[in-house]
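Listed below are the residues making up each chain.
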Amino acid sequence: MKHNDKTNVMRILDGRKIPYVSHTYEPDGTMSGADIANLLHEDPDRVFKTLVTQGRSGQYFVFVIPVKEELDLKKAARAADEKAVAMIRQKELLPLTGYIHGGCSPIGMKKKFPTWVHETAGRYEQIFVSAGKVGYQIGLAPDDLILAAECSLADLV
């Protein structure tokens, strides 16, 4: 991959000497996370999506879960020690994180938010998350994601 083809996420990982494998695909606006997993020839349980929420306190939180799952908002609130959390509106994503819908990564957001990854990530040698741009994914060890995103594991689905 040429240096120009690297995303900020990849540059962050390179700078921290965290190994990863990059994958690209031709984006289609109708693709689900499971479709992307199929394109990558990967188990959808190993391909994770990044969701951003806001707690009742006003603080933002990030949750990373398998693409075929839905975030359990009560479990997410417990992990964040909040009374309740709600998904942010899609139009809020870019100004808040620097990422667009479909290209949101838990690594390299504009601001650092408390982040949790669903506990099933720990079952695998490698998991996949967005590389910060639609059409780009990275595969890395769950422990390396936890290090790079400064996050924790939690039961979220």
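About the thresholds
Along every chain, residues carry numbers that run from 1 in the direction the sequence is written. Totals for whole chains, interfaces and linings use all residues, but because this is a predicted model, local features are given only for residues with pLDDT of at least 70 and pairs of side-chain atoms are given and counted only at 80 or more. Side-chain numbers here rest on the full set of heavy atoms in the structure, without hydrogens or water. Between any two strands, pairing holds if DSSP finds at least two bridges. Runs of E in the DSSP output that reach at least two residues are strands. Runs of H or I that reach at least four are helices, and both are numbered from the N terminus. To get an axis, a line is fitted to the C-alpha atoms, and for a helix only the part in contact is used. The angle between two axes follows their N-to-C directions and goes from 0 to 180 degrees. For each residue, the accessible area found with a 1.4 Å probe, counting protein chains only, is set against the maximum for its type, and the residue is called buried under 20%, exposed over 50%, and partly exposed in between. When we speak of the arc, we mean the arc of directions from the helix axis to the C-beta atoms. Only heavy atoms matter for contacts: two residues are in contact if any of them lie within 4.5 Å across the pair. The pairing test for Phe, Tyr and Trp rings, Trp by its six-membered ring, is centres within 6.5 Å, and the orientation test on the planes gives stacked under 30 degrees, edge-to-face over 60, and tilted for anything in between. Side-chain atoms within 4.5 Å link the members of a nonpolar core, which is a set of buried Ala, Val, Leu, Ile, Met, Phe, Trp, Tyr and Cys residues.

**Regarding the sheet that holds strand β4 (residues 85-87)**
Part 1: Strand order in this open sheet of 5 strands is β4-β2-β3-β5-β8, and the pairing throughout is mixed. Of all strands in the sheet, those with a lone pairing partner are β4 and β8 (152-154), marking the two edges. When strand polarity is set aside, the average angle formed by the axes of neighbouring strands in this sheet is 35°.

**Some words on helix α5 (residues 142-149)**
Part 1: When we look at burial in α5, the residues that qualify are Pro142, Asp144, Leu145, Ala148 and Ala149. Taken end-on, α5 shows its buried residues confined to a sector of 155°, consistent with a single buried face.
Part 2: The positive-phi residue at the C-terminal boundary of α5 is Glu150, with phi of around 50°.

**Overview of the pairing of strand β7 (residues 136-140)**
Part 1: Across the 5 residues of β7, 5 count as buried, placing the element largely inside the fold.
Part 2: Here β7 shows two buried faces, one formed by Tyr136, Ile138 and Leu140 and the other by Gln137 and Gly139.
Part 3: Relative to β7, strand β1 (residues 21-24) runs antiparallel, the two sharing 4 bridges. Looking across to β7, one finds that His23 is bridged to Gln137.
Part 4: Of the pairings in the sheet, the one linking strand β6 (residues 127-130) to β7 comprises 4 bridges and is antiparallel in character. In the strand pairing of β7, Ser130 is matched with Gln137.

**Remarks on helix α4 (residues 90-97)**
Part 1: All of the buried residues in α4 are Leu93, Leu96 and Thr97. End-on view of α4: buried residues confined to an arc of 90°, all on one side of the axis. Along α4, exposed side chains directed more than 90 degrees from the buried face belong to Lys91 and Pro95.
Part 2: Contact partners of the buried residues in α4: β2 (48-55) and β3 (60-66).

**Brief notes about the packing of aromatic side chains**
Part 1: Scanning all chains against the criterion turns up 3 aromatic pairs.
Part 2: Measuring from ring centre to ring centre gives 5.8 Å for Tyr60 and Phe113, while their planes differ by 65°; the resulting arrangement is edge-to-face. Residue Tyr60 is located in strand β3, and its partner Phe113 is located in the loop between α4 and β5 (115-118); the two are separated by 53 residues in the primary sequence.
Part 3: Assessed through its relative accessible area of 5%, Phe113 is described here as buried.
Part 4: Plain terms: the ring middles of Phe63 and Trp116 are 5.5 Å apart, the flat faces sit at 15° to each other, and that makes the pair stacked. Taken together, the positions of Phe63 in strand β3 and Trp116 in strand β5 put the pair 53 residues apart, joining distant regions of the chain. Comparing Phe63 with Trp116, the two get one shared label, buried.
Part 5: One aromatic cluster is present, formed by Phe61, Phe63 and Trp116 through successive ring pairs.

**Side note on the sheet that holds β1**
One key point about sheets: their strands pair by backbone hydrogen bonds, in either a parallel or an antiparallel sense.
Part 1: Read across the sheet, 3 strands follow the order β1-β7-β6 without closing on themselves; strand pairing throughout is antiparallel. Of all strands in the sheet, those bounded by a partner on one side alone are β1 and β6. In this sheet, adjacent strand axes meet at a mean angle of 30° when their direction is disregarded.
Part 2: Lying over the sheet, helix α1 (residues 8-15) contacts β1 and β7, oriented at roughly 25° with respect to β7.

**What to know about the nonpolar core**
Part 1: Within the largest apolar cluster, 29 residues are counted, with the highest numbers of intra-cluster contacts made by Leu13, Val52, Ile107, Ile138, Leu140 and Leu145.
Part 2: Listed by contribution, the elements that provide at least two residues to this core are α1, β2, β3, α4, β6, β7 and α5.
Part 3: Setting aside residues no more than four positions away along its own chain, Leu13 makes contact with Ile18, Tyr20, Ile107, Ile138, Leu140 and Ala148.

Bear in mind that shape data such as this cannot, by itself, settle questions of function.
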